[in-house]
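Working through the structure, step by step
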Amino acid sequence: MKILHTSDWHIGKKLMGRDRYDEFRAVLFEISDICEREKVRLALVAGDIFDTYTPSAEAEQIFYDGVKSIARHCAVLIISGNHDDYVRLTAASAFAQELNVYIAGNNLKSIECGGDFPVRPVKSDCGYVVFEDETGGKVYINILPYPNEARFKEGKSDESFGEKMTRWIEYGERGKSERLPSVFLSHIFVAGGTVCDGEREIDLGGARLVATEILPDCDYCALGHLHRRQKLGKNAYYSGAIMQFSFDEAGAEKSVNVFDLDENGVSNFKQIKLTSPKNLIRLQANCAADGVKLLNENGGCYVELTLNLKEPLTPAESAALHCSENLAALKADVAFNRSEVKVSNKNKSSSQLFTEFYKSRYDSQPSDDLLSLFLSLTEEE
């Protein structure tokens with residue numbers, strides 16, 4: 001069965017206050033085109049469909065239109081991420097299934113099986129589903145949407161997060177009554193993964209890291225949560241976000257993973273580049289005029305521009321720079337008197353802000369336990 005793996009759509013996410021709806025719409029239809037061109041039979045979307053619990057009506061419309069287009073070519077299985085309100089995301093499941101789209105918001109409900117589609121779910125229980133194509137080929141999928149106690153209706157206990165993850169993963173493995181090609185589909189932070197500035201920091205405290213050793217015995221782990229595409233262990237893949245969302249991703253290629261899966265395992269694996277979203281780039285100039293020139297030369301990109309100056313910008317120079325619609329962030333480094341340059345906290349992570357504040361008050365670094373406690377206060381249930 002030909003499978004496509006994508007994740008972290010974050011529909012509605014803004015860049016320095018600006019909407020990117022046209023790019024979201026274009027990239028979802030680009031993924032649809034890839035499904036048609038590559039003859040994909042099953043598309044897996046590993047969470048963080050939206051950027052917030054309450055997406056705008058336009059963001060939801062882009063999601064519905066994009067997924068409907070993808071479903072014209074293949075079955076679609078979607079799980080919720082930590083940015084998604086899983087109740088809201090699954091609210092349209094009954095209608096979605098009529099289009100061969102299946103949404104799992106937690107691991108407490110099974111996927112409705114049957115239907116007349118060439119690729120369809122034929123067996124399911126809480127935490128897993130088996131898809132079958134018209135040739136009789138089957139794929140077993142262990143489903144684990146973004147896991148926490150609240151979403152799985154569990155109270156607090158003495159179990160460590162690692163113990164809970166082991167239990168949740170094993171729960172999704174229990175349906176393997178026959179030897180089938182298998183996928184683990186989840187939205188988690190696996191230890192050793194590389195993060196970007198635009199990602200939630202709660203897991204960075206270490207409390208919710210998932211060790212590679214507890215990942216299930218399967219042919220392919222289709223993961224979401226980290227925005228850089230990467231491989232961990234022998235077969236755990238983050239497909240990465242579909243767009244560059246922060247400037248530390250400047251130059252990072254965005255793609256989807258496509259591969260064949262059968263009784264012999266994964267074959268014909270490839271990463272197909274996504275070309276429709278705008279690139280984010282970082283540029284430097286030594287004066288405002290050169291900065292304007294660089295912005296004009298890179299009109300198809302969003303730019304973070306750093307100016308290395310000997311004196312502050314004049315109002316006219318500032319206005320000329322901000323006339324460029326592609327200027328997303330401007331940083332001015334004035335060499336002659338750095339003490340007067342205002343320090344910006346923009347783009348700093350939560351842990352950086354807390355560490356700097358703590359050090360300014362107590363002249364020492366916060367302990368790992370204190371930092372983890374602070375980060376836990378920002379967790380979204």
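Source: prediction; values computed, not measured.

Between helix H1 (residues 21–38) and helix H2 (residues 57–71), whose axes approach to 8 Å, the crossing angle comes to 10°. One way to sum up the angle between H1 and H2 is to call them roughly parallel. Only Glu 58, Ala 59, Ile 62, Phe 63, Asp 65, Gly 66, Ser 69 and Ile 70 of H2 make contact with H1, whose side of the interface consists of Tyr 21, Phe 24, Arg 25, Leu 28, Phe 29, Ile 31, Ser 32 and Cys 35. Residues belonging to the contact of H1 with H2 are distributed by class as follows: 10 nonpolar, three polar and three charged.

Here we take up the sheet that holds strand E3 (residues 75–79). Taking strand neighbours across the sheet as the criterion, the six strands line up as E4-E3-E2-E1-E14-E15 in an open arrangement whose pairing is mixed. The sheet is open, and its two borders are formed by strand E4 (101–104) and strand E15 (265–273), each paired with just one other strand. Strand-to-strand twist of the sheet, defined as the mean angle between neighbouring strand axes without regard to direction, takes the value 20°. Where strand E1 (residues 2–6) meets strand E14 (residues 255–262), four bridges bridge the pair, whose relative direction is antiparallel. Residue pairing for E14: Ile 3 is matched across the bridge by Phe 259. Relative to E3, H2 is tilted by about 140°, and along the sheet it contacts strand E2 (42–46), E3 and E4.

Sheet analysis places strand E5 (residues 120–125) next to strand E6 (residues 128–132), joined by five bridges and oriented antiparallel. When the bridges of E6 are listed, Ser 124 appears paired with Val 129. Turn length for the E5-E6 hairpin, with the two strands adjacent in sequence and antiparallel, is two residues, and the turn residue Gly 127 shows positive phi of about 95°.

With that settled, the discussion passes to unusual backbone geometry. A positive phi angle, near 50°, is found at Asp 8, a position not held by glycine. Assignment of secondary structure puts Asp 8 in the loop between E1 and H1. Unlike most non-glycine residues, Asn 268 shows phi in positive territory, near 55°. In this structure, Asn 268 sits in strand E15.

Parameters and conventions
- Residues numbered from 1 in each chain as written.
- Predicted model: local features only at pLDDT ≥ 70, side-chain atom pairs only at ≥ 80, totals over all residues.
- Heavy atoms only, no water.
- Axes fitted to C-alpha atoms, helices over the stretch in contact; angles between N-to-C directions.
- Helix = DSSP H or I, 4+ residues; strand = E, 2+ residues; numbered from the N terminus.
- Parallel < 35°, antiparallel > 145°, perpendicular 65-115°, else oblique.
- Contact = heavy atoms within 4.5 Å.
- Nonpolar A, V, L, I, M, F, W, Y, C, P; charged D, E, K, R; others polar.
- Pairing = 2+ DSSP bridges.

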